[in-house]
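Architecture at a glance
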Amino acid sequence: MPTIERQITITNKLGLHARAATKLVVLAAEFDATITIIQGEKQASAVSVLGLLMLETGMGKSITLLATGADAESALEAICDLINAKFDEDC
């Protein structure tokens, strides 16, 4: 199965903090796909809150999303929508 890749920039003020990471993990777990998030030299599974926090992704940082599996395309679409919606936060 091919791996799909997308680049996106974090635009919410607090970056990928605990609440945002939790929302991303819950969303990623809904799909039949293995999703990896890469920032610089670090990478983490999209279903690991701790892993995502260790990426230390802040506002303005660009991340790469990799997905493989039956739902890879729809998973990346949903995650990009969440990030573009600033994790549904007011800031």
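Reading the values: rules and limits
Residues numbered from 1 in each chain as written. Predicted model: local features only at pLDDT ≥ 70, side-chain atom pairs only at ≥ 80, totals over all residues. Heavy atoms only, no water. Salt bridge = Lys/Arg side-chain N within 4 Å of Asp/Glu carboxyl O. Helix = DSSP H or I, 4+ residues; strand = E, 2+ residues; numbered from the N terminus. Buried < 20%, exposed > 50% of the residue type's maximum accessible area, 1.4 Å probe, protein only. Arc of directions from axis to C-beta. Contact = heavy atoms within 4.5 Å. Pairing = 2+ DSSP bridges. Axes fitted to C-alpha atoms, helices over the stretch in contact; angles between N-to-C directions.

This part is about the pattern of salt bridges. Taken as a whole and assessed by the stated rule, the structure comprises 4 salt bridges. As a salt-bridge pair, Asp 88 and Lys 23 come within 4.0 Å of each other at their nearest N and O atoms. Placement of Asp 88 in the segment after α3 (72–84) and of Lys 23 in helix α1 (residues 18–28) is noted, with a sequence separation of 65 residues between them. Residue classification places Asp 88 among the exposed positions, given a relative accessible area of 54%.

Residues of α1 that are buried include every one of Ala 20, Ala 21, Leu 24, Val 25, Leu 27 and Ala 28, and no others. One side of α1 holds all its buried residues, which, seen down the axis, span an arc of 165 degrees. Looking at the buried positions of α1, the neighbouring elements they touch are β2 (34–39), α2 (49–54) and α3.

Below, the discussion takes up the sheet that holds strand β3 (residues 42–45). Reading across the sheet, the 4 strands line up as β1-β4-β2-β3 and stay open at both edges, with antiparallel pairing between neighbours. The open sheet has two free edges, formed respectively by β1 (4–9) and β3, since each of these has just one partner strand. Each adjacent strand pair in this sheet contributes to an overall mean axis angle of 25 degrees, direction not counted. Pairing between β1 and strand β4 (residues 62–68): 6 bridges, direction antiparallel. Considered in β4, the bridge of Ile 4 is made with Ala 67. In the packing of α3 onto the sheet, contacts are made with β1, β2 and β4, and the angle to β1 comes to roughly 0 degrees.

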